[in-house]
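Okay, here's what each chain looks like letter by letter:
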Amino acid sequence: MIRKAAYKHGYLIITAAWLYTFSFIFVNYWRYDSSPKKVQQKLEQHLTNNEKKFNEIIADTKLLSLLIKDSVDDLKRKKVTDIPFGLFLYTLNDINNPILRYWNNNKFYVARGDELKKDGHYFVNYQNGDFELIKRTIRTDSLKAFVVAVLPIRWSYFIDNKYLQISFDGFSGLEDKYEISNDSTALVIKNLSGDALFKVKLKDENTLVEYDIFTIIT
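Residues numbered from 1 in each chain as written. Predicted model: local features only at pLDDT ≥ 70, side-chain atom pairs only at ≥ 80, totals over all residues. Heavy atoms only, no water.

## Considerations on the environment of F123
Among the secondary structure elements, F123 is positioned in strand β3 (residues 120-126). In this structure the C-alpha to C-alpha distance between F123 and F198, which are 75 residues apart in sequence, comes to 6.9 Å. Not counting residues up to four positions away in its chain, the partners in contact with F123 are D130, F131, I153, I180, L197 and F198. (Helix = DSSP H or I, 4+ residues; strand = E, 2+ residues; numbered from the N terminus. Contact = heavy atoms within 4.5 Å.)

Take a look at the structure:
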């Protein structure tokens, strides 16, 4: 009787085994941190998405001009207060000293002197983490002005609690496996322009075994 039932319902066991196998494949093969290469791709995608948002903002010189003059309405102001990175607008006085006219978020800051960098992209380490700093000179009316953006890469604090957690921005749990490194074997993370910005590698205490689909199924 038991044998007959096993034959009759054996397909259920086989189906369950296949479902478990496909679940394993999905979780361990296609998840973004299943390999250093996938992590590299996701970090670059996250970074370039923010750079694209920055480029959209600086293309709107009318909005930037209104922000500098503090005459923008709440609807337009929301366009920059909701972006996931820091935005700082400066003008230059008659002796070319920068004057901060606007910033959108108190989570970010620009270290003293960094606003004087040449136009370009920089990897910077601040007290609250690692960031991409972008400096761009702009024209708004007849004002001498420039924009500095601070794009989060990895948050880091001198304390770690439920409000302040060390983590890669947008990737919960990645900090447990990967680290920013200058090691020659680390993978390069490039920005939207294709320039190398920083590198990451698997932490020494982590061992990552990669499987192809055939190996997982068999």
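## Side note on the confidence of the model for the protein
Close inspection of predicted coordinates is inappropriate for parts of the model with low pLDDT. With 79% of its residues at a pLDDT of at least 70, the protein reaches an overall mean of 83. In this model residues 16-29 is a low-confidence stretch, pLDDT under 50, and it forms 16 contacts with partners more than four residues away in sequence or in other chains. Throughout residues 208-218 the model reports pLDDT below 50, and contacts reaching past four residues in sequence, or to other chains, amount to 20 contacts. (pLDDT = per-residue confidence, 0-100.)

## A few points about the sheet that holds strand β9 (residues 196-202)
Strand order across the open sheet formed by three strands is β7-β9-β8, with antiparallel pairing between neighbours. The sheet is open, and its two edges are formed by β7 (178-180) and β8 (187-190), each paired on a single side. Looking at each pair of strands side by side, their axes are set apart by 35 degrees on average, direction ignored. Examined bridge by bridge, β8 and β9 share four bridges and lie antiparallel to one another. Note on β9: the bridge partner recorded for K190 is A196. Of the strands in this sheet, β7, β8 and β9 touch helix α2 (residues 36-59), which is tilted by about 20 degrees from β8. (Pairing = 2+ DSSP bridges. Axes fitted to C-alpha atoms, helices over the stretch in contact; angles between N-to-C directions.)

## Considering the nonpolar core
Core analysis: the largest hydrophobic core is formed by 20 residues, its most contacted members being F54, L64, L67, F85, L87 and V147. Those residues within four positions of F85 in sequence are excluded, and the remaining contacts are N50, K53, F54, I57, N104, F108, A149, V150, L151 and P152. Among the nonpolar cores identified, the runner-up in size contains 13 residues, and F168, F198, V200 and L202 belong to it. (Core = buried A, V, L, I, M, F, W, Y, C linked by side-chain atoms within 4.5 Å. Buried < 20%, exposed > 50% of the residue type's maximum accessible area, 1.4 Å probe, protein only.)

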